[in-house]
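One-letter residues, chain by chain:
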Amino acid sequence: MEIIKSTIVPLPLENIDTDQIIPARFLKSTSREGFGEHLFRDWRYDKISGEKVPDFVLNAGLYTGDILVAGKNFGCGSSREHAAWAINDYGFKVVISSFFADIFKNNALNNQILPLKVTDNILHKIFQGVEQNPALEVTVDIPNQTLNIPEIGISESFEIGMYKKRCLINNYDDIDYILSLTKEIEAFEMGRAII
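Residues numbered from 1 in each chain as written. Predicted model: local features only at pLDDT ≥ 70, side-chain atom pairs only at ≥ 80, totals over all residues. Heavy atoms only, no water.

Caption draft 1: Quick peek at the sheet that holds strand β5 (residues 114-117). Across the sheet, which stays open at both edges, the 4 strands sit in the order β2-β3-β4-β5 with parallel pairing between neighbours. Single-partner strands in this sheet number two, and they are β2 (8-11) and β5. Shown here is a sheet whose adjacent strand axes are inclined to one another by a mean of 20°, direction ignored. Sheet topology note: the β2/strand β3 (residues 67-70) ladder contains 4 bridges and is parallel. Looking across to β3, one finds that Val 9 is bridged to Leu 68. (Pairing = 2+ DSSP bridges. Helix = DSSP H or I, 4+ residues; strand = E, 2+ residues; numbered from the N terminus. Axes fitted to C-alpha atoms, helices over the stretch in contact; angles between N-to-C directions.)

Encoded structure:
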């Protein structure tokens, strides 16, 4: 994934923890598939009837896209890689917030999700923009590390380490990344060979 151009799904709540992202009762699998249907389960479905809550953002049908925009302190709480699995399995490629819990941030990057940190002011502008236009289009350029939303005048750089940037662009996990360096590793080892 290099450039993501998409509309966004706004979830303007702060302190969304990993249990709200994927409740503990759904953590019975070690396979990454199938968690998307339980993303934000206790907000998406009525606890008594089990029916979808019609006005929850993922159910209402007004907002769609590959980018989730959430309030400050996203992914706090217990360490739970399943939270990243659920976000990825649902189809989100980017989560934008003004603060991410460190463990969630690392789990997201390890699961091909870009946790894109912006200032509180930029986050507020994005929420205002999408409220005025649910079809607001956002471009996230990973190689150039930019976030662009021309309609509301946002053009920002974001930080990402070179290692994880390469992994996202090439769809690598940690093992794939090491394997991609095979020639360099072999050349290094040849240089160390004792004659």
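Caption draft 2: Looking closely at the pattern of salt bridges. This structure, assessed with the given rule, holds 4 salt bridges. For Lys 5, the salt bridge identified is with Glu 137, shortest N-O distance 3.8 Å. With Lys 5 in strand β1 (residues 3-6) and Glu 137 in the loop between α6 (120-132) and β6 (138-141), this residue pair connects regions lying 132 residues apart in the sequence. Residue Glu 137 is classed as partly exposed on the basis of its relative accessible area of 41%. A salt bridge links Asp 120 to Lys 72, with the shortest nitrogen-to-oxygen separation between them at 3.6 Å. With Asp 120 in helix α6 and Lys 72 in the loop between β3 and α4 (81-90), this pair connects stretches of sequence that are 48 residues apart. What makes Asp 120 partly exposed here is its relative accessible area of 46%. (Salt bridge = Lys/Arg side-chain N within 4 Å of Asp/Glu carboxyl O. Buried < 20%, exposed > 50% of the residue type's maximum accessible area, 1.4 Å probe, protein only.)

Caption draft 3: Spatial organisation of the packing of aromatic side chains. A complete count under the given rule lists 8 aromatic pairs for this structure. Between Phe 40 and Trp 43 the ring centres are 5.6 Å apart and the planes differ by 10°, which places this aromatic pair in the stacked class. In this structure an aromatic cluster arises from ring pairing among Phe 40, Trp 43 and Phe 56. (Phe/Tyr/Trp six-rings, centres within 6.5 Å; stacked < 30°, edge-to-face > 60°.)

Caption draft 4: Inspection of the sheet that holds β1 at higher detail. If you trace the 4 strands from one edge of the open sheet to the other, you get β1-β6-β7-β8, paired in antiparallel fashion. Each having just a single partner strand, β1 and β8 (154-157) make up the two edges of the open sheet. Direction aside, neighbouring strands of the sheet carry axes that sit 10° apart on average. Alignment of strand β7 (residues 146-149) against β8, held across 4 bridges, turns out to be antiparallel. Residue pairing in the sheet places Ile 149 in a bridge with Ile 154 of β8. Here α6 sits on the sheet and contacts β7 and β8; the angle it forms with β8, its principal contact strand, is near 145°. (Contact = heavy atoms within 4.5 Å.)

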